[in-house]
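Architecture and fold: a report
Residues per chain, in single letters:
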Amino acid sequence: MSEQTVRQFSQVSEGEALPERSIPVTRAHLVHYAGASGDRNVIHWDERTAKAVGLPDVIAHGMWSMGAAVQVVTDWVGDAGRVIDYGTRFTKPVVVPHDGGAQLEVTGKVTKTDPESKQATVELTVTCGGDKVLGRCRAVVQLD
Amino acid sequence: MAVNEDFQGRSYDPTPPFAVGREHIRDFADAVGAVDPIHHDVEAARAAGYADLVAPPTFAVIPGQRTDAQFVADPEAGVDYTRVVHGEQRFAHHRPIVAGDELRGVLHIDAIRAAGGHQMVTMRSEIIDAQDQPVATSLSTIVVRGGE
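All values reported here derive from a predicted model rather than from experimental measurement. (Residues numbered from 1 in each chain as written. Chains lettered and ligands numbered in written order. Predicted model: local features only at pLDDT ≥ 70, side-chain atom pairs only at ≥ 80, totals over all residues.)

Some words on the overall build of chain A
Check the secondary structure of chain A and you find four helices and five strands. When its C-alpha atoms are laid out on the principal axes, chain A stretches across 55 × 35 × 20 Å. Taken across its 144 residues, chain A has 37% of its residues classed as buried. (Helix = DSSP H or I, 4+ residues; strand = E, 2+ residues; numbered from the N terminus. Buried ≥ 20, exposed ≤ 12 C-beta atoms within 10 Å, placed from the backbone.)

Below is the structure:
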């Protein structure tokens, strides 16, 4: 296994756009996430229960969306261990229909760089069907 | 049922240890589509300077939510879980979580406030390792929707 290339602070500039990505999500993804994370809330895999509590259909775990979206940052940095701060608001649920599932669209932009600490802040925009599903979604990465 | 505001400002003793395993890291990474080899390949993780497989950035939600459960699952706290929506989440990583870690969480109920017929609870879990050193801070805000 060859060593990965990790992005250097000198290679990063404010306003820089990260490579964008479309991330598909199906019920199978949610069942996998339920098991791996321990969040087995039924609204994330059973349509009848989701509708009974007033949801339009099964919805993705907010934490799944948060975890999937940050891959745009970790792939760009080249070292997932560099994310030192990551936060978001869950503004709208991601509805995942039985047929075809749904798709997240993730874009990212460097909004701040600090030469002293060599930290860069990336603001992520995460939408599903045109709706913003994560708000104030920001990751801070520690570079060399 | 309403959230018991007497819990605001309360702090808890550390939870029992949560052992971070390699297969759990690999499985969680697969579930969120995390392909960085440092989550999957021990040699790659060591080559990148880590002691073992590195957990993805949101893996801390697992020990975090186990820590939060002391509050949300306490009947005295008055949280109706069928009315809970995750409002906000933030992780500050003091160091990466790696396989082999034995993590404990120290829960603080930072705020319980009313907002437009709902109640919002901010829980802070300070995740520490076997040497009591800080690993991560998980800040989680839940919204408990008001009754009809």
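Let's talk about the pairing of strand β5 (residues 131-142) of chain A
Residues and elements named next belong to chain A. Where strand β2 (residues 83-90) and β5 come together, six bridges link them in antiparallel fashion. In the strand pairing of β5, Asp 85 is matched with Val 140. Between the end of strand β4 (residues 119-128) and the start of β5, which pair antiparallel, lie two residues, with Gly 129 showing a positive phi angle near 60°. (Pairing = 2+ DSSP bridges.)

Quick look at the confidence of the model for chain B
Taken over all residues, the pLDDT of chain B has a mean of 96, while the share at 70 or more is 99%. The ipTM assigned to the predicted complex is 0.96, against a pTM of 0.96. (pLDDT = per-residue confidence, 0-100.)

Digging into the pairing of strand β5 (residues 134-144) of chain B
Residue and element names in this part refer to chain B. Note: strand β2 (residues 84-93) against β5, nine bridges, orientation antiparallel. Note that in β5 the partner of His 86 across the bridge is Ile 142. Judged from the 10 bridges that link them, strand β4 (residues 118-128) and β5 form a sheet pairing that is antiparallel. Along β5, the bridge assignment pairs Gln 119 with Val 144.

Side note on the interface of chain B and chain A
Each partner contributes to the interface: chain B provides 32 residues, whereas chain A provides 30 residues. When contributions to the side of chain B that touches chain A are tallied by element, the ones reaching two or more residues are α1 (22-32), α2 (42-47), α3 (61-72) and β2 of chain B. Here the side of chain B that touches chain A is built from residues that sort into 18 nonpolar, eight polar and six charged. (Contact = placed C-beta atoms within 7 Å. Nonpolar A, V, L, I, M, F, W, Y, C, P; charged D, E, K, R; others polar.)

Quick word on the sheet that holds β2 of chain A
Reading across the sheet, the 10 strands line up as β1(A)-β3(A)-β4(A)-β5(A)-β2(A)-β2(B)-β5(B)-β4(B)-β3(B)-β1(B) and stay open at both edges, with antiparallel pairing between neighbours. Every interior strand has two partners, whereas the edge strands, β1 (17-25) of chain A together with β1 (18-19) of chain B, have only one.

A few points about the environment of Thr 26 of chain A
Residue and element names in this part refer to chain A. Tracing the chain through its elements places Thr 26 in the loop between β1 and α1 (27-37). Between the C-alpha atoms of Thr 26 and Asp 99, which are 73 residues apart in sequence, the distance is 8.5 Å. Setting aside its immediate chain neighbours within four residues, Thr 26 contacts Val 96 and Gly 101.

Topic: the nonpolar core
Core analysis: the largest hydrophobic core is formed by 64 residues, its most contacted members being Ala 69, Val 94, Leu 104, Leu 124 and Ala 139 of chain A. Examining the composition of this core, we find that six residues originate from one element, β5 of chain A, more than from any other. Excluding residues within four positions of it along the chain, Val 94 of chain A makes contact with Val 25, Ile 59, Ala 60, Ser 65, Ala 102, Leu 104, Cys 128 and Val 133 of chain A. Formed by 10 residues, the second largest nonpolar core is a distinct cluster that contains Val 3, Leu 107, Val 121 and Val 144 of chain B. (Core = buried A, V, L, I, M, F, W, Y, C linked by C-beta atoms within 7 Å.)

Side note on α1 of chain B
All of the buried residues along α1 of chain B are Ile 25, Phe 28, Ala 29, Ala 31 and Val 32 of chain B. Buried residues along α1 of chain B cover an arc of 160° about the axis, so they all sit on one side. Summarising the contacts, the buried residues of α1 of chain B are in contact with α1 and α3 (62-69) of chain A. Note on α1 of chain B: the residue one or two positions beyond its end, Gly 33 of chain B, has a positive phi of about 75°. (Arc of directions from axis to C-beta.)

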